[in-house]
Structures are given as structure tokens and as C-alpha cells.
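A closer look at the structure
Residues per chain, in single letters:
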Amino acid sequence: MVLTLKTKVSELSGVGEIYGKRLKKLGIETAEDLLLYFPRRWEDFTKITDIAAVRAPGSYCIEGSIWSIGNKRSARRRMSITEAIIADKTGTIKAVWFNQPFLIKNMKQGDEVMLAGRVENKFGVITMKSPAYEKKSDRQKHLGKIAPVYNETEGLSSRWLRYQMDKLVKVIYSFKEYLPAEVIKRQGLITHPAMIRQLHFPENSYQLEKAEERLNFDEMFLLQLAVREQRKELDKNRAIAIRFNEDLSREFTKKLGFTLTNAQKKAAWEIIKDLGKPVPMNRLLEGDVGSGKTVVAAMAALMVASDGFQTVFLAPTEILAGQHYESLKKMLEPFEITVALLTSKTAISPSDMPAPSSVIPAEAGIQPDSNSASKSAQSQKAKKEEVLKQAKDGEIQVLVGTHAVLKEDIEFWNLAFVIVDEQHRFGVKQRAILRKESGKQGTMPHFLSMSATPIPRTLTLSVYGDLDISVIDEMPPGRKKVGTFVIPPEKKEDSYEFMRREVKKGRQIFVICPLIDDSETMELKSVTAEYERLSRMIFPDLKIAMIHGKMRPDEKERIMNDFAGAQRVAPSAGEKERRGTHPLREKIDILVSTSLVEVGVDVPNATIMIIEGADRFGLAQLHQFRGRVGRSRHQSYCFLFTDNQSETVQKRLDAIVKTNNGFEIAEKDLEIRGPGEVLGERQHGIADINTKNLMNAELIKRTKTEAKKFLEKNDLKDFPLLVEKIQKYNGVANLE
Ligand code: ADP
Ligand code: MG
């Protein structure tokens, strides 16, 4: 058999059917695949230690002859144990292996061997546990050198993998170099085949270092190339250049009733400048919850409207769409901009007068008799049609909606601007529809995505490096820091006391129940149980409601609106009399919820956020929850309930307690959970990238500079091998 890179692993001796299957699970089918399966880490077995110098616990490589070796059975666990005594000129040591009785066929008394592995103190006897072993008469594959350690999943041991890799050494040099020679030269890198060889069979620590350098460089360099190429594609599109109306922008800020923060001004200006260009903006507006992103977006929409074009503003939920509609209307109507709302259930056209105080029709919550229900359904349908028609005719200048907007086959008169709040909730397909929407003049709308989930700065540099990001890293003045505390079980009682006092003051409380195994049924159970417990045992005198994913959307909305609607001004004396000791008692004091409330709901009167099982959430998510409170002049609190006292958990939660800075928290989260988890749906090819590389600012800078230099003088098309390599990052940094 002629061995090539394309040789099937199943044809290699010693692989067979069982191992073939295990390899296939890892996506390894050919010799090439196997060689591209790189070690996780390396163990330095170059240093041989005298047996007398071995100390437990620790990892050592020793050399000696076998004094004795034999198998025995452990009575209790019916396990085979191989025991050996090894001696060198300084002393003896015991070694044990489990369930490998065949070892005695290979290693016999008197054989000269090398052993390497962990040494433990077992009841006073210093023992090497399952060490790697090699006879000195064999060519050394594992010991006496730096040995690769592979991910030992799926029943594949490092020892077995080393044997297989060893057979493939000969074909390593068939790997083609894909990096351009000039890059290799400028960066002082070793070649691709040399890297593969050194990763599996490191000659010495310097060569291994060079191999790792090449591996890491490639990972980030390819990513940089992909990102730049995608940007180039995007910049080929045309968009409507929006004129900046300076007077109007001044008037807008004057009417706000507060001064924009410097960060808001800067972001607004960046957006307005982008809008003025004939290429579509593709910008992410990042800012912590409450940093005031909506105002900035509204100002941009005002510019677009005043220049005669349409804006659509999308929110991930009905509730949020309703809130955005209300606030945009308030901000834009003084300028005679027409604002409308369209969700799957509600439609409000600009001609509807007067604006209802809540977007939810008052009767929605109460069981309406079937007659009026169908009547209101009918009028909603007509309303929707009216809104759709007005969008098409250009009568609506700013349309706020949920993704339902995309489902209706909506047409616009001249859509020029798309704003998407918390964009990760939208599917790629839906966004593609919107992109197409402005089709009329063959242009693409400008695209602004807003998110309160900060991307760690290093990721911004690496993955999003060449996309545009505006950051609002400053809170409006007067916001109080949310007091955050980790509460162990024995302190829970005290917190309940504290909660009661806050409610007495008229404040409201969120209680978040933990996510359970991603199971909605389990989650429902835990929310229900918590609701029952709180309303029966702890706070029977307070008004408690619950909300979860299994509820009908209109039920959820009614509850959210009841909760949000309870803006408690101290009741007047007369009112107190009427209502007794429970002012506005029909309103909700405590809302028990699943992670539903995560996304931007605004209930300024809520001042306490309780998170049950806080250890089960990611840091960024906890930070999001906390952002639900602290939205008014009242001091707010976030209590992290957990009965997990482990050090890692405590350290993680401590990060939340100590900082209010979303970016720092995001970096911590990235470090702990890796990029796939942190970026969620944005991940694409990045999930596979080594987190360390994504956080390595120096490497990012180096690869960015090189990518720029290389692309200035070259066209990627002339490097087909390179193009092939960057395919896997396609779509990585798309803001869609
Ligand atoms: P988010 O960034 O979470 O979307 P919002 O845009 O909803 O934040 O703003 C939160 C609240 O802060 C709103 O009530 C808004 O009117 C108010 N706000 C925004 N900017 C400022 C500012 N510069 N000064 C004072 N209040 C502000
Ligand atoms: Mg918001």
C-alpha cells in the first residue's frame, strides 16, 4: 500500500473497525485528517529523574530495569491490576496499571524500560499510576522526549494516537504550504509541514514553540483575511446618502429634557457620518443596559426622516416593540415625524388619535366575550392592513415592530435605514429579507444593530476589527450603582425581610428562577414551585405573579404590562382611604420569572433583582438581569442566591459583585466559557478558535498588520490555497 495523505485511516494497520469508528466521530477519515488532529498539550519527558529523587505528588520520567512484574485481581472491583517494581542505581519504585493484563506479555523481568507519569503517595507507598512506558530496546516514541498529549476522548489514548502518528511521518511533507512566501518570510515562521511535524514529534522545546507560534498565527491571520474580504464585499453595495440636518439635530437634543452624554454624542455623530455615505452602514451600537441607545437611534432616524426616507425599527419582543414605539413617538412627533407600530398582534397607524396609554388594548387581559374578541381581531386585521398600506405609500416614516413585520409581505416606499435592537434574536434569513427591502433604487438600507451584550474588547479587535462599532461606555448622570451581593442560603431570610421593606416603600421586585438543563418543562416546574413558595409561605400578603415561556403571548404581555404599569406614586390621602392599607393592590409587587425578562424591559420602579441559582448563569447574563433594575433615582439591589459554595463559583460571582462594567464582565465570561458560548449565534467559525488567541492582543495586532500589508499589494484570488483555508470563517463577522 502506498501511503498518501488521502489514505483512509481504516486501512492503516492497528486501526480496524472499532478505532475507525471512534476516529470518524472526531471527523477523522484520512491520514491527512489524522495529522491535522493536533495535541492538546505536551509533556516534557526529556528529563530523566533518579528514582531516589522522586517525590509524591508529581510527574516524572524514570529509567530502570524491571525487578518484578505480575497481574492480580482486585477483589472488590473485579479489576485487573498490573504491578511492577522498577529499579535504577539509586532506588526502587512501584508502578501500577489497571485493566491492562496484556502488559506482562510485553514487559518482562529484567527489561530496561522508561516510565513516565504521575506519582502518588498510596498509603505510604510511592507509586507511579498508569505511567506511559517504553522498552529501551525500542525506538523511543513517547519517552525521553517531549511527548504530545491528545484529547483523550472517544476511547482514543494518547499512546495509541502516538503510534498511529508515527506511521504517518513519511507523508507529512506532502502537505502543501498555503501561506504566501512573503508572509512566512516577513514573520519568520516555520512552514506548514514543519509545523505539523513539530506538533506531533517535537524535536526540542524551541522547535515546539515555533510550531505553536505558526499554529496560532495562522488561526488569527486567516480570520483577519476573512474579515477584511467580507468587508470588501459589503462595501460594494450602494445605499442612500442621508443629509445631515444640523439645526434639526440641535432642536432634537434641546427637546429631550436631558443632556446627551459625551459617549452618546460621539456614537450619534459616528452613525450620522455613516448615514451620509453612499455605502450601506453596518454598525453595531454597544452600550450597557440603560446607557441610552434608543435616543441615539431616534436621532439617526430623525435625520433619515427629515431627508424624506423611511426607517424600520425592530425589537425582539412585542413588549419591547411597544416600549420603543412609545418612546420614539414621544421623541419624534414634535418634529411631525409619523411613527407607527406593527407586531403580530398589534398595529397602530400614525393617524390613530389619541395615542393609547398602553399599546395593549385594555381588554386584552380580561377574558373578553367571544363576540367582542372577534370584533377586536377584525379591527386589528384592518388596522394591520392600513399600516402596511401606509408603509408602502410612504405615509409612515418610522415603523416600529417585531419580526412579524418581516413575515407580512411588507413593502416600503423608500426604506433607507434599519435599526435592530438586541439583534441576536433575529434569524439570518429575516435580516436578508430586510436588506432586500429597499430594493427600489437598487440600494441596500443602512443597518444599525444595538446590543447591550458587550463584545469583549479583544474580540472587537479580532473578529469585528474591520466592522464599525460605536460604544456608549458612559451612563447618564445620576444613575446609582446597583448594590450587588452574593447571598448564601443562611442569609436568605434577611433578604426576604429587606424585600418586604422595599415593597412597603412602593418598590417592585424581579425574581429570576434558574435555567434547568435547557428544559422548558423543568423550568416551568421550578418557576411554579418558587411562585407557590413565595406567595404562600414567604409573602402571603403581597401580590405576586409569575411569567414563563409556556404561557400564551397575550398572557405574558398582560402580566408584563401589569408589572410595568405599576408606577407607584405615593397615593394621596383620599386614595389611601379608598384602597385601605394596600395602595394599588391589584398591581404586582413581585414578578417571578424565567430568564424571559432578560431583554431590555423597562420597569423603573423595580429596585430589586433576585437571581435564584445564580451560579447557573453566565456572567454576561447575570449582568443583563442586573440591568433590569437601577433605572430610576431609587437605590437598587441585585441579590445573587446560590447554595454552591465552591471556590470557582464564588470567584465567578465575585466578578459580578465587584464590577459594573459590562466589558470587563464580558472578558471574564469569554475567558471562562469560550467564544462560542459568549457570542451565541454570532459564532459561526469562531467557536473553534482558541480562546487564548482571541484574547491575545499582541497576536491580534501582529496578524492584523500583516493581513493589511499583504492585501495592500496582493489579490487573494491569486492564492487559491489560502482562499480555501479562509472559507470556514465565512460569515464570521457579519452583523446579521
Ligand atoms: P438602553 O441603552 O438600555 O436601550 P434607553 O435608551 O432605553 O437605554 O435609555 C434608558 C433611559 O435613560 C431612558 O428612559 C432614557 O430616556 C434615559 N436617558 C437616555 N440618555 C440619557 C441622558 N443622557 N441623560 C439622562 N437620561 C437619559
Ligand atoms: Mg434598549
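Residues numbered from 1 in each chain as written. Chains lettered and ligands numbered in written order. Predicted model: local features only at pLDDT ≥ 70, side-chain atom pairs only at ≥ 80, totals over all residues. Heavy atoms only, no water.

1. Digging into the overall build of the protein
The test is simple: Only runs of H or I of at least four residues qualify as helices and only runs of E of at least two qualify as strands under DSSP, and these elements are numbered from the N terminus. The rule is simple: take the accessible area with a 1.4 Å probe, protein chains only, and divide by the maximum for that residue type; under 20% is buried, over 50% is exposed, in between is partly exposed. To be clear on the numbers: accessible area is Shrake-Rupley with a 1.4 Å probe, and residue cover counts the displayed protein chains and nothing else.
Along the protein, the regular secondary structure elements total 26 helices and 21 strands. Each of the 736 residues in the protein was classed as buried or not, and the buried ones make up 52%. If you sum the accessible surface of the protein, you get close to 35300 Å²; carbon and sulfur atoms cover 51% of it.

2. A word on the nonpolar core
Definition in use: In this description, a nonpolar core means a group of buried Ala, Val, Leu, Ile, Met, Phe, Trp, Tyr and Cys residues linked to one another through side-chain atoms lying within 4.5 Å. Any two residues whose heavy atoms approach within 4.5 Å at even a single point are treated as in contact.
Counting 51 residues, the largest nonpolar core has Met499, Phe539, Ile590, Val592, Ile611 and Leu622 as its most contacted members. Ignoring any residue separated from it by four or fewer positions in sequence, one finds Val592 in contact with Val511, Cys513, Val527, Glu530, Tyr531, Leu534, Ile544, Ala545, Met546 and Ile547. Of all hydrophobic cores here, the second largest spans 47 residues; its members include Phe252, Ala268, Leu275 and Ala305.

3. Structural notes on the site of ligand 1
Applied cut-off: Only a single heavy atom is needed: when it lies within 4 Å of a molecule or strand, its residue is near that molecule or strand. Side-chain atoms alone can form a polar contact between residues adjacent in sequence; in general such a contact is a pair of N or O atoms within 3.5 Å, and within protein one must be able to donate a hydrogen while the other accepts it. Amino acids outside the nonpolar list (Ala, Val, Leu, Ile, Met, Phe, Trp, Tyr, Cys, Pro) and the charged list (Asp, Glu, Lys, Arg) are all regarded as polar, and Gly is one of them.
Around ligand 1 sit 16 residues, and of these Thr259, Gln264, Gly290, Lys293 and Thr294 come closest. Gly290 has a polar backbone atom sitting 2.6 Å from an oxygen atom of ligand 1. Contact between ligand 1 and Thr294: an oxygen atom at 2.8 Å from a side-chain N or O atom of the residue. Against a free-state accessible area of 560 Å², the protein chains account for coverage of 76% of ligand 1. Per-element tally for the shell around ligand 1: the top contributor is helix α10 (residues 293–306), with three residues. Taken together, the residues that form the shell around ligand 1 break down as five nonpolar, seven polar and four charged.

4. A look at the sheet that holds strand β8 (residues 282–287)
The condition is simple: The pairing criterion for strands is at least two bridges between them, as found by DSSP.
Taken together, eight strands build an open sheet; the order of strands is β11-β10-β12-β9-β13-β14-β8-β15 and the sheet is mixed. If you trace the sheet from one side to the other, it starts and ends with β11 (347–348) and β15 (468–472), each paired once. Relative to strand β12 (residues 398–401), strand β10 (residues 339–342) runs parallel, the two sharing four bridges. The residue of β12 that forms the bridge with Leu341 is Val400.

5. Thoughts on the packing of helix α6 (residues 192–200) against helix α7 (residues 205–234)
Put simply, the rule reads: Fitted lines through C-alpha atoms give the axes, limited to the stretch in contact for helices. The angle between two N-to-C directions lies from 0 to 180 degrees. Should an angle fall under 35 degrees it is taken as roughly parallel, and over 145 as roughly antiparallel, whereas 65 to 115 is taken as roughly perpendicular and any remaining angle as oblique. Crossing handedness: left-handed means the near helix sits turned counterclockwise from the far one by under a right angle, and right-handed means the same turn made clockwise.
For the pair α6 and α7, the least separation of the axes is 9 Å and the interaxial angle reads 125°. Between α6 and α7, the angle falls in the class oblique. Pair α6 / α7 crosses with left-handed handedness. Along the contact surface, α6 presents His192, Met195, Gln198 and Leu199, while α7 presents Gln207, Leu208, Ala211, Glu212, Arg214 and Leu215. Residue composition of the contact of α6 with α7, grouped by class: five nonpolar, three polar and two charged.

6. Re the sheet that holds strand β18 (residues 544–547)
Paired through their backbone hydrogen bonds, the strands of a sheet run either parallel or antiparallel. Read across the open sheet, the six strands follow the order β16-β21-β20-β17-β19-β18; overall the sheet is parallel. Edge strands, defined here as strands with exactly one partner in the open sheet, are β16 (483–487) and β18. Here the strands of the sheet are splayed against their neighbours by 20° on average, with no regard to which way each runs. With four bridges joining them, strand β17 (residues 508–512) and strand β19 (residues 590–593) adopt parallel strand pairing. Considered in β19, the bridge of Ile512 is made with Ser593. Along the sheet, helix α20 (residues 619–626) makes contact with β16, β17, β20 (606–611) and β21 (637–641), crossing β20 at roughly 150°. This element, helix α21 (residues 647–658), spans β16 and β21 of the sheet and lies at about 165° to β16.

7. Remarks on the environment of Pro445
Summarising the element assignment, Pro445 is placed in the loop between α14 (428–437) and β14 (446–451). C-alpha of Pro445 to C-alpha of Leu415: the two residues are 30 residues apart in sequence and 6.5 Å apart in space.

8. Brief notes about unusual backbone geometry
For the bond from Ala56 to Pro57, the omega torsion is -5°, close enough to zero to count as cis. Within the secondary structure, Pro57 sits in the loop between β1 (41–44) and β2 (58–74).

9. Focus: the pattern of salt bridges
Rule in force here: Note on definitions: salt bridges are taken to be side-chain nitrogens of Lys or Arg within 4 Å of carboxyl oxygens of Asp or Glu.
The final tally for this structure, using the stated rule, is 35 salt bridges. Through salt bridges with shared partners, a single ionic network connects Lys266, Glu270, Asp274, Lys277 and Arg283.

10. A look at the packing of aromatic side chains
Put simply, the test is: For this analysis, a ring pair means two rings from Phe, Tyr or Trp (six-membered ring only for Trp) whose centres lie within 6.5 Å, classed as stacked if their planes differ by under 30 degrees, edge-to-face if by over 60, and tilted for the remaining angles. The rule for a charge over a ring is simple: NZ of Lys or CZ of Arg within 6 Å of the ring centre, and within 35 degrees of the ring normal.
By the definition in use, this model includes 15 aromatic pairs. Judged by centre distance (4.8 Å) and plane angle (85°), the rings of Phe498 and Tyr637 are edge-to-face. Here Phe498, found in helix α16 (residues 492–504), pairs with Tyr637, found in strand β21; they are 139 residues apart in sequence, far enough to count as distant. For Phe498, a relative accessible area of 21% translates into the label partly exposed. For Tyr637, a relative accessible area of 19% translates into the label buried. Ring geometry for Phe617 against Phe625: centres 5.1 Å apart, planes inclined by 85°, an arrangement best described as edge-to-face. Across the pair, exposure class does not vary: Phe617 and Phe625 are buried alike. An aromatic cluster of three or more residues is present, and its members are Phe485, Phe498, Tyr637 and Phe639. Cation over ring: Arg214 sits above Tyr178, and NZ or CZ is 5.5 Å from the ring centre.

11. Some points on the confidence of the model for the protein
Close inspection of predicted coordinates is inappropriate for parts of the model with low pLDDT. As a reminder of what qualifies: The score called pLDDT rates the predictor's confidence residue by residue, from a low of 0 to a high of 100.
Here the protein shows a mean pLDDT of 83. Residues at 70 or above account for 84%. Every residue in residues 354–370 scores below 50 in pLDDT, and together they form 20 contacts with partners more than four places removed in sequence or on other chains. In the predicted structure, residues 566–585 sits below a pLDDT of 50 and forms 21 contacts with residues beyond four places in sequence or in another chain.

12. Remarks on helix α8 (residues 246–255)
The test is simple: What the arc measures is the spread of directions leading from the helix axis to the C-beta atoms.
Among the residues making up α8, those that are buried are Leu248, Ser249 and Phe252. For α8, the buried positions fall inside an angular range of 100° around the axis, keeping them on one side. The outward face of α8, more than 90 degrees from its buried face, is lined by the exposed residues Asp247 and Lys254. Buried positions along α8 lie against α10 and α11 (318–332). Looking at the residues trailing α8, positive phi occurs at Gly257, about 90°.

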